[in-house]
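# Fold and contact review
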Amino acid sequence: MDPALMEIIVCPDCHGDLAPAAGPDGSDELVCQGSCGRAYPVRDDIPVLLVDEARTP
C-alpha cells in the first residue's frame, strides 16, 4: 500500500486507523485499530472500504 494513502484513510465505520495485515486466507486486508476491529479487503492494490464488504472480528 502507498504510505501516503495509509496516512489519510480511516475506517468508514468508527473512523479508527487502519493497518495492513494478511487475512485468514492469506489475502491482503486493512484492519481497523479502533473500536470496531473490522477487516477490509484489498483487491488489486485498491482497498475496498465498504462496511458491507468488511469481515467482522
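Summary of the structure given here. It should be emphasised that the depicted structure is a prediction, and the values quoted were computed from it without experimental measurement.

### Section: unusual backbone geometry
A positive phi angle, near 70°, is found at His-15, a position not held by glycine. Along the polypeptide, His-15 turns up in the loop between α1 (3-8) and β1 (18-22). Of note in the backbone geometry, Asp-45 takes a positive phi value of approximately 65° without being a glycine. Take Asp-45: it is sitting in the loop between β3 (39-43) and β4 (46-47).

### As for the pattern of salt bridges
With the rule as written, the count across this model stands at three salt bridges. Residues Arg-38 and Asp-13 are paired through a salt bridge, measuring 3.0 Å at the closest nitrogen-oxygen approach. Of this pair, Arg-38 sits in the loop between β2 (28-32) and β3 while Asp-13 sits in the loop between α1 and β1; the two residues are 25 residues apart in sequence, bridging distant segments of the chain. Assessed through its relative accessible area of 36%, Asp-13 is described here as partly exposed. Taking the shortest distance from any N to any O, the salt bridge between Arg-43 and Glu-53 comes out at 3.0 Å.

### Comments concerning the pairing of β2
Each regular strand shows side chains that alternate between the opposite faces of the sheet. Most of β2 is tucked away: four of the five residues are buried. Pairing geometry for β1 and β2, over five bridges, is antiparallel. For Ala-22, the partnering residue across the bridge sits in β2 and is Asp-28. Linking two consecutive strands that pair antiparallel, namely β2 and β3, is a turn of six residues; a positive phi of about 70° is found at Gly-37 within it.

### Regarding the side chain of Glu-29
Relative to the helices and strands, Glu-29 is located in strand β2. Exposure remark for Glu-29: the relative accessible area of 7% places this residue in the buried category. Looking at Glu-29, its side chain comes within polar contact range of the side chain of Arg-55, at 2.7 Å. The residues contacting Glu-29, other than those within four sequence positions of it, are Ala-19, Pro-20, Ala-21, Ala-22, Gly-23, Pro-24, Ala-39, Tyr-40, Pro-41, Val-42 and Arg-55.

### Here's the deal with the environment of Met-1
Its location among the elements puts Met-1 in the segment before α1. With 29 residues separating them along the chain, Met-1 and Leu-30 place their C-alpha atoms 9.7 Å apart. Residues contacting Met-1, with those up to four places away along its chain left out, are Met-6, Leu-30, Val-42, Asp-45 and Pro-47.

Here is what the cut-offs are and how they apply
- Residues numbered from 1 in each chain as written.
- Predicted model: local features only at pLDDT ≥ 70, side-chain atom pairs only at ≥ 80, totals over all residues.
- Heavy atoms only, no water.
- Helix = DSSP H or I, 4+ residues; strand = E, 2+ residues; numbered from the N terminus.
- Salt bridge = Lys/Arg side-chain N within 4 Å of Asp/Glu carboxyl O.
- Buried < 20%, exposed > 50% of the residue type's maximum accessible area, 1.4 Å probe, protein only.
- Pairing = 2+ DSSP bridges.
- Polar contact = N/O pair within 3.5 Å; in protein donor to acceptor, adjacent residues only side chain to side chain.
- Contact = heavy atoms within 4.5 Å.

Such coordinate-based values are descriptive only and should not be taken to indicate function.
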